[in-house]
Amino acid sequence: MFDKLIATLKADPRTIVFTEGPDPRILEAASRLKKDGLLTCILVGKVDEVKAAAKAGGFDIEGMEILDPATYPRMDEMVEKMVELRRGKMTADECRAALSKGNYFGTMLVKLGGADALLGGATYSTADTVRPALQIVKTKPGNKIVSSCFILVRTGKDGSEEKYAMGDCAINIDPTEDDLVEIAVETARTASIFDIDPKIAMLSYSTLGSGKGESVDKMKNATAKAKAAAPELAIDGELQFDAAFSPVVAKTKCKGSPVAGQANTFIFPDINAGNIGYKIAQRLGGFEAYGPILQGLNAPINDLSRGCNADEVYQMAIITAGLK
Ligand SMILES: CC(C)(COP(=O)(O)OP(=O)(O)OC[C@H]1O[C@@H](n2cnc3c(N)ncnc32)[C@H](O)[C@@H]1OP(=O)(O)O)[C@@H](O)C(=O)NCCC(=O)NCCS
Ligand SMILES: CC(=O)OP(=O)(O)O
């Protein structure tokens, strides 16, 4: 799962900024990344606080840069640049206030080239982690929205990995048909990076017309649009999860579908379904959940779940910087 990304990081050393420097999970992950020679870590926070937390946890952060926005010597320059980027949407005072917080400070650090990648969200909510990136970093050329996916992995006793991609479980609350097309295409791309050959199911409570209504039409129309936009992709919908996943159910509900019964890339109709769905797979299904991996953003910035542990921080740091 991580071999390719680790090889990339060893061949091309990168720097990652953590917006929540004093958090013990961040400190543990940063100390392991340093020990393993994978990333140069920058910790945002009050120097004394970060050092005290590292000492209390027994984490070695020797040599790591700790940046406190309150004493950052280039803050005036950062404020000026942010005002320019926000183009009339935020005043200098608003930018300075925002930059006193780790989430905005870290994002501007990436924007100004002071770090290659950013990982936050151990204590900040997803909205507070992602909003600075949406406002400052913006979408990649060619993308209309930023979306996200999770890679779900369950390792068998023989070491084999069962892998799925799920999107969008974290960013777009009620995606439009066009948003869903972009989410499907981007999630398929992310799936491929993790060696999943994407077979995309556009999920619903209905299978090919078994239910009726606006939410069914949304997935049906999004499927048609996605097929037209990316004819090279294996994609079908609208499909219930059982029809998408189980070959037995697929035979009953939608025989002949190129995806049903073998889907490995699942696109949810909205964030309620997506966020609940991935957490059920994680907590009841015994899958490791890597993400949310942001897609379509013009810099490698990712969010953590606030329920993350140090292992997840370590792995997400590798994913974030390794996918740069
Ligand atoms: C992502 C999210 C924070 C954006 O909401 P917001 O900050 O209220 O968004 P706004 O409409 O005020 O937009 C803020 C900026 O982001 C941009 N933006 C918002 N959503 C975007 C998206 N999906 N893609 C790209 N840009 C987006 C807007 O264009 C705007 O840019 P501007 O200020 O330069 O004009 C919001 O959609 C959200 O809360 N999503 C759910 C997060 C969550 O709780 N997930 C569950 C746990 S993982
Ligand atoms: C991805 C996600 O659900 O994040 P959180 O648990 O922080 O809300």
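Source: prediction; values computed, not measured. (Residues numbered from 1 in each chain as written. Chains lettered and ligands numbered in written order. Predicted model: local features only at pLDDT ≥ 70, side-chain atom pairs only at ≥ 80, totals over all residues. Heavy atoms only, no water.)

Asks: What is the right way to look at the overall build of the protein in this model?
Replies: Scanning the protein from N- to C-terminus turns up 13 helices and 11 strands. Compactness check: the protein gives a C-alpha radius of gyration of 21 Å against a globular reference of 20 Å for 324 residues, within 12% of the reference. The 324 residues of the protein split such that 55% are buried. Within the protein, contacts between residues at least 6 apart in sequence are counted, and of these 71% link residues at least 24 apart. By element, 52% of the accessible surface of the protein is carried by carbon and sulfur atoms, the whole surface being about 14,700 Å². Here the protein contributes 39 positively and 43 negatively charged side chains, and the mean placements of these two sets differ by 2 Å. (Helix = DSSP H or I, 4+ residues; strand = E, 2+ residues; numbered from the N terminus. Rg over C-alpha atoms; globule rule 2.2 N^0.38 Å. Buried < 20%, exposed > 50% of the residue type's maximum accessible area, 1.4 Å probe, protein only. Contact = heavy atoms within 4.5 Å. Areas by Shrake-Rupley, 256 points an atom, 1.4 Å probe, with all protein chains shown as cover. Lys, Arg positive; Asp, Glu negative; His and termini not counted. Charge placed at Lys NZ, Arg CZ, Asp CG, Glu CD.)

Asks: Any chance you could explain the packing of aromatic side chains here in plain terms?
Replies: Note on aromatic pairs: each is described by the distance of the centres and the angle between the planes. As enumerated under the stated definition, the model contains eight aromatic pairs in all. When the ring of Tyr 164 is compared with that of Phe 245, the centres are 5.7 Å apart and the planes differ by 65°; the resulting orientation is edge-to-face. You can see Tyr 164 sitting in strand β6 (residues 161–167) and its partner Phe 245 sitting in helix α10 (residues 241–245), a full 81 residues away along the chain. Look at Tyr 164 and you get buried, because its relative accessible area is 12%. Within the aromatic cluster, the residues linked to one another by ring pairs are Tyr 164, Phe 241, Phe 245, Phe 266 and Phe 287. Sitting above the plane of the Tyr 314 ring, Arg 32 keeps its charged end 4.2 Å from the centroid. (Phe/Tyr/Trp six-rings, centres within 6.5 Å; stacked < 30°, edge-to-face > 60°. Lys NZ or Arg CZ within 6 Å of the ring centre and 35° of its normal.)

Asks: How do you make sense of the nonpolar core when you look at a structure like this?
Replies: Nonpolar side chains in soluble globular proteins generally cluster together in the buried interior. Ranked by size, the top nonpolar core spans 41 residues in total, and within it Phe 18, Leu 33, Leu 43 and Ile 151 carry the most contacts. Per-element accounting of this core gives the leading share, seven residues, to helix α13 (residues 310–322). Not counting the four nearest positions on each side in its chain, Ile 151 is found in contact with Met 1, Tyr 164, Ala 165, Thr 190, Ala 191, Phe 194, Ile 196, Glu 288, Ala 289, Tyr 290 and Ile 293. Ranked by size, the runner-up nonpolar core spans 32 residues in total, among them Met 78, Leu 109, Val 110 and Ala 115. (Core = buried A, V, L, I, M, F, W, Y, C linked by side-chain atoms within 4.5 Å.)

Asks: Where do I start with the site of ligand 2 in this structure?
Replies: Every residue near ligand 2 is listed here: Thr 126, Phe 150, Asn 275, Tyr 278, Lys 279, Pro 292, Leu 304, Ser 305 and Arg 306. A total of 260 Å² of accessible area belongs to ligand 2 in isolation, and the protein chains cover 87% of it. When grouped by side-chain class, the residues that make up the shell around ligand 2 number four nonpolar, three polar and two charged. (Near = heavy atom within 4 Å. Nonpolar A, V, L, I, M, F, W, Y, C, P; charged D, E, K, R; others polar.)

Asks: Is there a simple way to think about the side chain of Ser 257 in this case?
Replies: Here Ser 257 is to be found in the loop between α11 (247–253) and β9 (265–267). Polar side-chain contacts of Ser 257 include one of 3.1 Å to the backbone nitrogen of Val 259. (Polar contact = N/O pair within 3.5 Å; in protein donor to acceptor, adjacent residues only side chain to side chain.)

Asks: Which parts of the structure should I look at to understand the sheet that holds strand β1 (residues 15–18)?
Replies: The strands that make up a sheet pair up through hydrogen bonds in the backbone, lying either parallel or antiparallel. Reading across from one edge, β3-β2-β1-β4-β11 is the order of the five strands in this open sheet, with parallel pairing throughout. Sheet topology places β3 (65–67) and β11 (301–303) at the edges, where each strand pairs with a single neighbour. Averaged over neighbouring strand pairs, the angle between their axes works out to 20° when direction is ignored. Both β1 and strand β2 (residues 40–44) contribute to a ladder of four bridges, which runs parallel. In the strand pairing of β2, Phe 18 is matched with Leu 43. Here helix α2 (residues 24–35) sits on the sheet and contacts β1 and β2; the angle it forms with β2, its principal contact strand, is near 160°. Across the face of the sheet, α13 comes into contact with β1, β4 (117–120) and β11 while running at roughly 150° to β4. (Pairing = 2+ DSSP bridges. Axes fitted to C-alpha atoms, helices over the stretch in contact; angles between N-to-C directions.)

Asks: Where do I start with the site of ligand 1 in this structure?
Replies: Taken together, 17 residues surround ligand 1, and among them Arg 86, Lys 89, Arg 131, Lys 138 and Val 146 come closest. Within the side chain of Arg 131, one N or O atom sits 2.5 Å away from an oxygen atom of ligand 1. One nitrogen or oxygen atom from the main chain of Ala 170 is found 2.8 Å from a nitrogen atom belonging to ligand 1. For ligand 1, the accessible surface in isolation is 940 Å², of which the surrounding protein chains cover 64%. Top contributing element to the shell around ligand 1 by residue count: helix α7 (residues 126–137), with five residues. For the shell around ligand 1, a count of residues per class yields eight nonpolar, five polar and four charged.

Asks: Got a minute to help me understand a nonpolar patch on the surface in this structure?
Replies: Taken together, the side chains of Ile 276, Ile 280 and Leu 284 make up a nonpolar region of the molecular surface, amounting to roughly 340 Å² of accessible area. With respect to the helices and strands, Ile 280 occurs in helix α12 (residues 271–283). (Patch = residues over 30% accessible without salt bridge, like charges linked within 9 Å, V, L, I, M, F, W, Y side chains within 5 Å. Salt bridge = Lys/Arg side-chain N within 4 Å of Asp/Glu carboxyl O.)

Asks: I tried to follow the sheet that holds strand β5 (residues 147–155) on my own but got confused; where do I start?
Replies: Strand order in the open sheet formed by six strands is β8-β7-β9-β6-β5-β10, and the pairing between neighbours is mixed. In the strand order of this sheet, the two ends are held by β8 (234–239) and β10 (288–295), each with one partner. Taken pair by pair, the neighbouring strands of this sheet meet at an average axis angle of 20°, ignoring direction. Judged from the seven bridges that link them, β5 and β6 form a sheet pairing that is antiparallel.

Asks: Mind showing me how you'd approach the UniProt feature "domain: Phosphate acetyl/butaryl transferase" (unreviewed entry) in the protein here?
Replies: Those places that UniProt annotates as "domain: Phosphate acetyl/butaryl transferase" (unreviewed entry) correspond, in this numbering, to residues 3–321. Its end C-alpha atoms 14 Å apart, residues 3–321 is made of 45% helix and 18% strand. (UniProt positions renumbered as here; feature names shortened; annotations may be inferred.)

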